[in-house]
Structures are given as C-alpha cells and as structure tokens.
Amino acid sequence: MTGGSGFTFLEYPIHHDFSPEGKVPVMSSILTAKGICKYFPGVKALQNVDFELQAGEIHCLMGENGAGKSTLIKVLTGVEVSDAGEVCLERKKIAPSSPQQAQQLGISTVYQEVNLCLNLSVAENIFIGREPRKYCGIDWKEINRRSRVLLANMNLDIDVTQPLGRYSVAIQQMVAIARALDISAKVLILDEPTSSLDATEVNKLFEVMQKLKQQGLGIIFVTHFIEQVYAVSDRITILRNGELVGVYDTAALPRVQLIAKMMGKAFDGFEASIKKTAAGSEAEEHAGFLAVRGLGCRGSISPFDLEVNNGEVLGIVGLLGSGRTELARIIFGIDRADSGEVLIKGQKVKLVCPADAIRHGLAYCPENRKTEGIIDTLSVRENIILALQAKRGWGKYIPRKKQEEIANKYVNLLRIKTAGLEQLVGNLSGGNQQKVILARWLITMPSLLILDEPTRGIDVGTKAEIQKLIRALAAEGMAVIFISSELDESIRCCDRMAVLRDRSKIAELSGQEIEEQVIMQTIAGV
Amino acid sequence: MKALSLNNKYVNLYITTLLFCALFALGSVLYTGFFSGQVLLNMFIDNAFLIITAIGMTFVLIIGGIDISIGAVIALICMLSAYLLEVWHLGPLVVIPAMLIVGAVFGLVQGIFIHYFKIQPFIVTLAGMFLARGLCYVISIDTVLITDPFYQFMATYRIPLPFNSFISVSVLIALAAIAAAYYILNYTRFGRTAYAIGGNEQSALLMGLPVARTKVLIYTLNGFCSALAGIVFSFYMLSGYGLHAVGLEMDAIASVVIGGTPLTGGIGFVTGTLFGVLIQGVIQTLIMFQGTLSSWWTKIAIAFLLCVFIVLQRLIVARKESRKSLA
C-alpha cells in the first residue's frame, strides 16, 4: 500500500505504474505525466515522454539543448498544451491551460530569471494579487507579519519592507520560492535557479530545498551543473532529442554514465571512433598568437589560462552552461574581466570592448545568430561589409563598387545561396545566414576567429562545408577558437581542446587525448 | 549604514518637498506680503486643474506609460461643455456627468489601442491629442463664453477659511482627488498592480495579476481625470476655446517627474505630484512678486529643475546598478 502521505484512495484502484527498476515506491507519486507528446512546426519537441515525481523527493531533469526539458516543464505548468498524453496530480487528471491555473492546482515554478517586481517590497512580492484585507484596504501589517513568518521558515531573516531590488539574486529567488509555496505547496519546479548564484548562495538554496523536501514537497530541479545534481537530488530523469532516456537513482548513476546518456553516446564498448586528425598539426611549431592569464569574471567564469596559436583550431567543450560562451565573450571584450590579462603576440593588451578586440585582429561569430549576428533587415552586401566598415572607422566610407566586389567574392567563395547581393539576409536559410556572418568576419582578415556554435541549426551538408572551411582557414595560419556542443564536430575540427565544467576550465586535451571517451570522462571529472 | 540606507525611492520626494519649502521661505524673505496663507492657497486655486490632471498622469507614469493627449482633452471638454450649455441649453447636471463619461471613454479607447494593439502610448495619445484638438475646432473656431449661472457661481464662489483666507470649490475637488488617488495607490489591489506593472510587466503577468485590465483602466482613469480637470478648468476660464490648455500635458508630466515619479515606471507618489505642481506655482508666484521678469522665466526654471531631477534619478539608478554588481 502506498498510503504514506495520509491519502485514502477510496475510488481509485492503486497502481504501481512507476516503479523504476522494479523498486516498490516508498512514497506516493505526487505528479505523473504519461505519454506526453508535443509537436512544433517541423520539430518533435517531446515524443511519448513519461515523468513521475514523488512527494518528498528532489528530482533532477537533465538533458542537453533541445532535449525537451523546457517543453516538458512548460506542459506541466500550463504554458504549453500537450498534443497527447496526460498529466495527473495526486492521481487526478489535470490539464492546466495557464501558469496561474497550474499554480492554483498546486504546481509552482521558480525560474532562473526572477519573475518578481524589484520595485515592490519583499513582503508585497510574496502577497501581491492575494493581499489580506482589513476594513476597505490592504492590511500591510498582516502582509509584513506573514512574510516574516514565511521567510523565517526558510531561515531567512531580512527586512521585508525593503524593496526586493536591494537584495541579491539568491534572496530574490528565495522570495520567489516563498511566494510559490504560500500559494500552493505540492510541487515546486526550480528551472535553473542556480545559474546566477555563487557557491554560498547555492548552498543556502540547497538547505531550503532539503527542508522543503522533508516537509513532503515534490521538487523538480533543472540544472546544467553536474556537481549540484549529485549534491542535492534523489533521482534523475534524462531526456534527449525529445525522448525519454531513462529514470535513475542519483546514487546509482556514475557521472560518466550520466554524461554519456545526455550526449547519446554508448559509453561501454571500445570501438574507437574514426578520428580525423588535422594534417600534421602536432609536430609543427606554431607561433603563439593569443595568451590569456588568469582571465575571469565573477559570476560568469572563473579565472582561466588559455593559449591559441596561429594555424590551430582550439576547441572549447563542456556541457551547456559550463561557461563556453562566457569564455568567448570575455576574450572578445563583451563582458568586462575583473581579473587577469590578455597577451597578443606576447604584448599585453587591454580588450575592454569588442572594438578593441577587432582592432587587434580578433573576430567573434556569436552563438545566437538571429539576435546577435545578422541584421535581417539589411541586405547580404550590407551585412557582409559591416565589420570591415567598423574596423576602418565610419569616416572612411567604402565605395559601393568596392563593397559589391568584396561581397561578390565571398558569396562565391563560401557558396552563399542568395538571389543577389541586395537580398535581405532575413530571407536566407540558417546555413547561409551563418556563412554571411563568417564572410563578414573573414574580410576583416582576423588573426583569431572565435566561432560560437557556428553550425547550430544547419543542415548536414552545409555543416560539413563550414567545418572544412574552418580547417582551411587554420591551414592558412589563422588561429581559431571553435565552440560546439556537438562532440563529433569538435573532435573532427580541433587540434587542441579546453574542457570546461561548471564555469571553470578543468583540463586541456591534445593529440591522442582528443577522443570521445577521454573527453566525456574529463567533463564528468573522473 | 542605517543612516545611509535612507530609502532611495523617496529621495526625489524629499528633495521636492524641501525645495518647495526653501522656495517659499526665499519668497517670504525677499518680498513683503509673500509669507501668508493666502499666497499658498492661491497656488492651489490657480493650479487646481493641473493638480487633478497630474494625478491621472501619475498613474500613467507609474505603469511606465505616457499620455500626451490630456491638454487637448481638457480643451475639448471645455469647448464641449460650453457648447452644450450655451447652444443646446442643457443643465450642468447633465453636462458635467456627460463630460466625465466622454473623458473616461476617450481614455478607455486609447488604453485599448495601447494594450491590445501593442502600439506605443506616445503614438496613440499623439493621435488622441490631434483628434481632441481638431474636434474643438469642429465645434467652434471662436471662443464660446459660458454664462450658465452654476458655472458662474463655481467660478466666483470663495469658501471662507479662518484668518481671512479663502479657497475655491476647485481646490476641494483637487484635494478630494489627491485623497482618492492616495487611497487607490496604497490600499487597493488595482493600485498595487499598477506599481507591479511598472516594475516589470512580464513578471506581473506571470504572478497572475490582471495586467490587461489594469493597464486599460489606468488610461481610462487618466481620461476621467483630464475630464475632471477640464470641468475645473472651465470653472476657471468660463469659456471654451480651441487653444485652451496648449502644452498642459507637458506641465503635468513635468510636475509628476519633479514629484519623484520616474518615466520608467514602478515608482510614484501623489503627494510628490502635488508638490511638483506647487513648485511650479511657487516659481510663478516668485516671478509675479519680482515684477520685472517675464512669466516665461517659469518655463526656464522648470527646464532647469527637470534636468536636475532626471540626472538625479539616473544617478540613483546607476548607484543601484553598481552596488548590485558588487553584491
């Protein structure tokens, strides 16, 4: 019998549908999802995914980008309506159609971005929308008193009448949790709550989570930090490409296994993947181009050393959220470093903004080409010419004829499929947009090209073309930093690899070490 | 630390209040006859309509919006009431409620455009401004004088106060509006939702607050306030004319901003707005007492003050940000 939580199921037959690995559940299932499917135009975001959460457990939801984690959360919280499958809360079928409705039913979510109003007081943030009233107005005394009690319950002693914006993100998140709990306390979903917290803040959050767990709450915890998964969770559900990989007890799942399952690589078995080492890159002596010593930025990436040589492709690997993009941004001067130094050709330089970096021969193709890369209301020609014009300074206008000449050359060289130079970039396919950005930076003749996920969302053929291009550029003596979440790709392209975990550089691999299992073991930290 | 932690959001409010007292003291020292209750009360009497419309504007700025149609709406209300009273010979009992409804509906429609069609409030209310101004001239291109006895009475009646001073009925209306706005902003869910929307609209939505309804209602309320101000203004001017209250929306916005409500929303005080209006009043009075300066110096003084206050608000925000990054 599962009557552990004091519920009596008079009308409902008791099933043990979810007993992973034949274990009889000790506690009752509080939230179950069965056969959830969700399709977006052209994408199967979720396919027949089952999920089960017990009362009094912390359950991690893991998966790489596009695995379907956020879609699943959205279905559970009523942001999206699933195309098939059913969700049951305490064995009653529910179909929330909005976050508010889900919250009324007992499912609350706290996001990475704190969804509270920083201008309002702490207490008001907890109670707004359902304020206790007295006579004919809001009873502020009662609001403050009850807020103090709620926060004291989470070992938090702060002045609740102060505006929320005066406190750190960690406290803001606690307040968000307090609000969520006060509305309903059955299921709490924490969607990457630790991304912007530092170590002590994370510990504090974990204490609160443990306390809530003991009170019988079911907590779904989404995070990219492997250490945190092992520090706090009881079970793990892994998704990949919208499908369920499995449900595991955290204690029984080695880290390497977890990473292998997330990345979709069979870990056991020693069939070596065909490794295409770059032509004779090891023996040759390359001149160092960029060296970084102890560069870091609090809350973004811990200090790291890095060297990139002319004519080599340096890969940056790690799981999503491990600090790959942050590393690129700090080198390129987008984020301000608060420690360390950068040397270019042995000379100390200050890169405080992208313009500095461009002047020193750096180029950066950002991860999110839609919002940070292309300007889709400008033509192919204008997009290509942008960086060169910026490098020359706005006073020295590049003549139209010259612009067309350059653009034409690169459209042919990179085989950009476009109806013409004056076609708007927004009308091009993803792969061709990516090539336009590449062209933009290539014409500035950079000495170091930083590519952040250059092949994301691009069809296989174009992917291979871009990879080939990268190798060709390196062969011509350009230094390349290559960031990709696809391991195969990185292995194919890179001469050396820096491995990141939890926002710090943990290792550097080269030569024979650039191999799937070594990389996965390094990421897992065994 | 405690001494420093004087709540940032009140800084502008304190400064405004202090500045008003300082200016009043300055006038009292410089000019004989300045230091009297009646001089102070005259500021209320002359600016009652501005206080009322600035209160509506305070709500709009709290949610991070803007409304530049109010001057034109006030002109339209004056013109329309003059026309209905004088040409159609309707009684004030019909005209006044009708005008309040016209103003509220005007605001409601603007609010609907702003929220549901997601058009910038500046553009919507710019269109509203042209529409209202244009309608004035459709009604009449000349001044229409109001001879209705009730309006005449409201214009001239003085409510006697102790110490030989007096106020007008308009002042009572303005004070009632302040009290009502204070209550709404601090003790009703509607008022608090307005602050939440100004703080972060997306968050407010995710917290389950009725964002759409509140936003539309705020513009409706502002329309209502400008209609009320229009009626008070017609008591004051006793006429309808297409060029009444030109640029009044900017005076109202200036008062609200000087009163400590930033254009970015989320913060705002009706008491601040009152002092914002009174500061303009005290500057006007100072210039009047001085005697030789043109009244346009009021505008220059306001320009200077606005500049100072906007820079101050920016500095406060900047300080907050730098402390955040350290924290």
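Sequence positions are assigned chain by chain, starting from 1 and proceeding in written order. Each chain takes a letter, starting from A, and each ligand takes a number, starting from 1, following the order in which they are written. In keeping with the predicted nature of the model, local features appear solely for residues at pLDDT of at least 70, side-chain atom pairs appear and are counted solely at 80 or more, and the whole-chain, interface and lining totals rest on all residues. Note that water and hydrogens are dropped before the side-chain values are worked out from all heavy atoms of the structure.

Here's the deal with the overall build of chain B
In plain terms, the rule: Runs of H or I in DSSP of at least four residues are treated as helices and runs of E of at least two as strands, each being numbered from the N terminus. Atoms counted for the radius of gyration: C-alpha only. Globule rule: 2.2 Å times the number of residues to the power 0.38. In this scheme, a residue with accessible area under 20% of its type's maximum is buried, one over 50% is exposed, and one in between is partly exposed, where area comes from a 1.4 Å probe on protein chains only. Note on contacts: a residue pair qualifies if any of its non-hydrogen atoms lie within 4.5 Å across the two residues.
When its secondary structure is counted, chain B shows 13 helices and four strands. The C-alpha atoms of chain B give 20 Å as radius of gyration, which agrees with the globular expectation for 327 residues (20 Å, within 12%). Seen along its three principal axes, the alpha-carbon backbone of chain B occupies a region of about 65 × 55 × 35 Å. A buried classification covers 53% of the 327 residues belonging to chain B. Excluding contacts between residues fewer than 6 apart, the proportion of contacts in chain B whose partners are at least 24 apart in sequence is 77%.

What to know about the side chain of Glu249 of chain B
Residue and element names in this part refer to chain B. Rules: Residues adjacent in sequence count toward polar contacts only when both atoms are side-chain atoms; beyond that, a polar contact is any pair of N or O atoms within 3.5 Å, and within protein one must be able to donate a hydrogen and the other to accept it.
By secondary structure assignment, the location of Glu249 is in helix 11 (residues 248–258). In terms of polar contacts, Glu249 uses its side chain to reach the backbone amide nitrogen of Gly71, at 3.2 Å. Each residue touching Glu249, except ones within four places of it in the same chain, is listed here: Met57, Asp67, Ile68, Ile70, Gly71, Ala72 and Met129.

Here we look at the sheet that holds strand 21 (residues 496–501) of chain A
Residues and elements named next belong to chain A. Selection criterion: DSSP-based pairing: two strands are paired if at least 2 bridges between them are found. To get an axis, a line is fitted to the C-alpha atoms, and for a helix only the part in contact is used. The angle between two axes follows their N-to-C directions and goes from 0 to 180 degrees.
On the basis of which strands lie adjacent, the open sheet formed by six strands has the order 18-19-20-15-21-22 and mixed pairing. One side of each edge strand has no neighbouring strand; the edge strands of this open sheet are strand 18 (362–365) and strand 22 (504–510). Across the sheet, the axes of successive neighbouring strands diverge by a mean angle of 20°, strand direction being ignored. Examined bridge by bridge, strand 15 (residues 313–317) and strand 20 (residues 479–483) share four bridges and lie parallel to one another. By the bridge assignment for strand 20, Leu314 is matched with Ile481. Sitting on the sheet, helix 9 (residues 324–331) touches strand 15, strand 18, strand 19 (448–452), strand 20 and strand 21, and the angle it makes with strand 18 is about 145°. Against the sheet, helix 14 (residues 430–442) touches strand 18 and strand 19, its axis set at about 170° to strand 18.

Digging into the interface of chain A and chain B
One widely used convention gives an interface's size as the accessible area the parts lose upon coming together. This is how the line gets drawn: For any pair of parts, buried area is found by adding up, for both, the accessible area (1.4 Å probe) each one loses once the two are put together. Any carboxyl oxygen of Asp or Glu that lies within 4 Å of a side-chain nitrogen of Lys or Arg is treated as forming a salt bridge with it.
In this complex, chain A contributes 27 residues to the contact, which on the side of chain B involves 26 residues. Approximately 2,200 Å² of surface area, both sides summed, lies buried where chain A meets chain B, with 50% of it carried by carbon and sulfur atoms. Considering only the side of chain A, the residues that lose the most area to chain B are Asn115, Asn119 and Arg166 of chain A, jointly responsible for 23% of the buried surface there. At the surface where chain A touches chain B, the tally comes to two salt bridges.

Observations regarding the pattern of salt bridges
Side-chain pairs of opposite charge can arise where the charged atoms are in close proximity. Residue and element names in this part refer to chain A. Scanning all chains against the criterion turns up 28 salt bridges over all chains. Put simply, Lys213 and Asp234 hold a salt bridge, and the shortest N to O gap is 3.0 Å. On the criterion of sequence distance, the pair formed by Lys213 in helix 6 (residues 199–214) and Asp234 in the loop between helix 7 (226–232) and strand 11 (235–240) is long-range, its members being 21 residues apart. Arg293 is the salt-bridge partner of Glu307, the closest N and O atoms lying 3.6 Å from each other. Taken together, the residues span a long stretch of sequence, with Glu307 in strand 14 (residues 301–309) and Arg293 in strand 13 (residues 288–297) at a distance of 14 residues. Taking relative accessible area as the criterion, Glu307 reaches 37% and is therefore assigned partly exposed.

Some thoughts on the nonpolar core
This is how the line gets drawn: Residue types Ala, Val, Leu, Ile, Met, Phe, Trp, Tyr and Cys, when buried and joined through side-chain atoms within 4.5 Å, form a set referred to as a nonpolar core.
Of all hydrophobic cores here, the largest spans 238 residues; its most connected members are Leu188, Ile331 and Leu449 of chain A. The greatest single-element share of this core, amounting to 17 residues, is contributed by helix 2 (residues 37–62) of chain B. Discounting chain neighbours no more than four positions away, the residues touching Leu188 of chain A are Ser108, Val110, Ile177, Ala180, Leu181, Leu212, Leu217, Gly218, Ile219 and Ile220 of chain A. Within the second largest apolar cluster, 25 residues are counted, among which are Ala67, Leu76, Ile189 and Ile220 of chain A.

Remarks on the environment of His89 of chain B
All names here are of chain B. Examined against the element boundaries, His89 turns out to sit in the loop between helix 3 (70–86) and helix 4 (92–116). The exposure class of His89 is exposed, given its relative accessible area of 63%. Taking the C-alpha atoms as reference, His89 lies 8.9 Å from Asp148; in sequence the two are 59 residues apart. Among the polar contacts listed, one links the side chain of His89 to the backbone oxygen of Glu86, at a separation of 3.2 Å.

Points about the sheet that holds strand 16 (residues 339–344) of chain A
Residues and elements named next belong to chain A. Reading across the sheet, the four strands line up as 14-13-16-17 and stay open at both edges, with antiparallel pairing between neighbours. Strand pairing shows two members of the sheet lacking a second neighbour, strand 14 and strand 17 (347–349), which therefore form its edges. Adjacent strand axes in the sheet meet at a mean angle of 20° when their direction is disregarded. As judged from the three bridges shared by strand 16 and strand 17, these two strands associate in the antiparallel manner. In the strand pairing of strand 17, Leu343 is matched with Lys348. Contacts from helix 9 reach strand 13 and strand 14, with the element oriented near 70° to strand 14.

A word on helix 6 (residues 149–156) of chain B
Residues and elements named next belong to chain B. Rules: As used here, the arc is the angular range of directions from the helix axis to the C-beta atoms.
Looking only at helix 6, the buried set comprises Tyr151, Met154 and Ala155. Take helix 6 and look down its axis: the buried residues cluster within an arc of 100°, on one side only. Summarising the geometry of helix 6, the exposed residues directed more than 90 degrees from the buried face are Pro149 and Thr156. On its buried side, helix 6 packs onto helix 3, helix 4, helix 7 (169–187) and helix 10 (211–237). For helix 6, the N-terminal cap is Asp148; the gap from its side-chain oxygen to the backbone nitrogen of Phe150 is 2.9 Å.

Notes on the packing of helix 2 of chain B against helix 12 (residues 270–290) of chain B
Residues and elements named next belong to chain B. Rule in force here: To sort the angles, those under 35 degrees are grouped as roughly parallel, those over 145 as roughly antiparallel, those from 65 to 115 as roughly perpendicular, and the leftovers as oblique. Throughout, a crossing is termed right-handed when the near helix is turned clockwise from the far one, and left-handed when it is turned anticlockwise from it by less than a right angle. Under the grouping applied here, Gly and all other residues not named as nonpolar or charged are polar, the nonpolar ones being Ala, Val, Leu, Ile, Met, Phe, Trp, Tyr, Cys and Pro and the charged ones Asp, Glu, Lys and Arg.
Closest axis-to-axis distance for the helix 2/helix 12 pair is 8 Å, and the angle between their directions is 140°. Regarding the angle of helix 2 to helix 12, the classification is oblique. The crossing of helix 2 and helix 12 is right-handed. Along the contact surface, helix 2 presents Val39, Met43, Phe44, Asn47, Leu50, Ile51, Ala54, Ile55 and Thr58, while helix 12 presents Val270, Thr273, Leu274, Val277, Leu278, Gly281, Val282, Gln284, Thr285 and Phe289. A per-class count over the contact of helix 2 with helix 12 returns 13 nonpolar, six polar and no charged.

Re the pairing of strand 18 of chain A
Residues and elements named next belong to chain A. What you see with strand 18 is no split at all: Leu362 and Tyr364 on one side and Ala363 and Cys365 on the other are buried throughout. Taken together, the four bridges between strand 18 and strand 19 define a ladder with parallel strand orientation. Looking at strand 19, one finds that Cys365 is bridged to Leu451.

Some points on the pairing of strand 6 (residues 107–110) of chain A
Residues and elements named next belong to chain A. Where burial is concerned, the two faces of strand 6 agree: the one with Ile107 and Thr109 and the one with Ser108 and Val110 are both buried. Here four bridges tie strand 6 to strand 9 (residues 187–191), and the two strands are oriented parallel to one another. Bridge assignment links Ser108 to a residue of strand 9, and that residue is Leu188.

Some thoughts on the domain arrangement of chain A
Residues and elements named next belong to chain A. In plain terms, the rule: Throughout, the edges of the domains are those of an automatic or database domain assignment.
Split into domains, chain A comes out as domain 1 (28–106 + 186–193 + 207–263), domain 2 (107–183) and domain 3 (288–524). A separation of 34 Å is found between the C-alpha centroids of domain 1 and domain 3. Listed as interface residues are twelve residues of domain 1 and, on the opposing side, 13 residues of domain 3. Between domain 1 and domain 3, the buried area comes to about 1,300 Å², and carbon and sulfur atoms account for 69% of it. Viewed at the interface, domain 3 and domain 1 are joined by one salt bridge. Of the charged contacts in the structure, one is a salt bridge between Glu227 and Arg501, with a shortest N-O distance of 3.6 Å. At the junction of domain 1 with domain 3, the criterion picks out zero residue pairs in polar contact (both at pLDDT 80 or more). Going through the elements one at a time, helix 7 and helix 8 (255–263) are the ones with two or more residues in the side of domain 1 that touches domain 3. Considering every element that reaches the side of domain 1 that touches domain 3, the biggest residue donor is helix 8, with six residues. When its residues are assigned to classes, the side of domain 1 that touches domain 3 shows seven nonpolar, two polar and three charged.

As for the side chain of Arg501 of chain A
All names here are of chain A. Positionally, Arg501 belongs in strand 21. What makes Arg501 buried here is its relative accessible area of 19%. For Arg501, the side chain forms a polar contact with the main-chain oxygen of Ile523, separated by 2.8 Å. Sequence-distant contacts of Arg501, that is, excluding residues within four places in its chain, are made with Glu227, Ser322, Ile506, Thr522, Ile523, Ala524 and Gly525.

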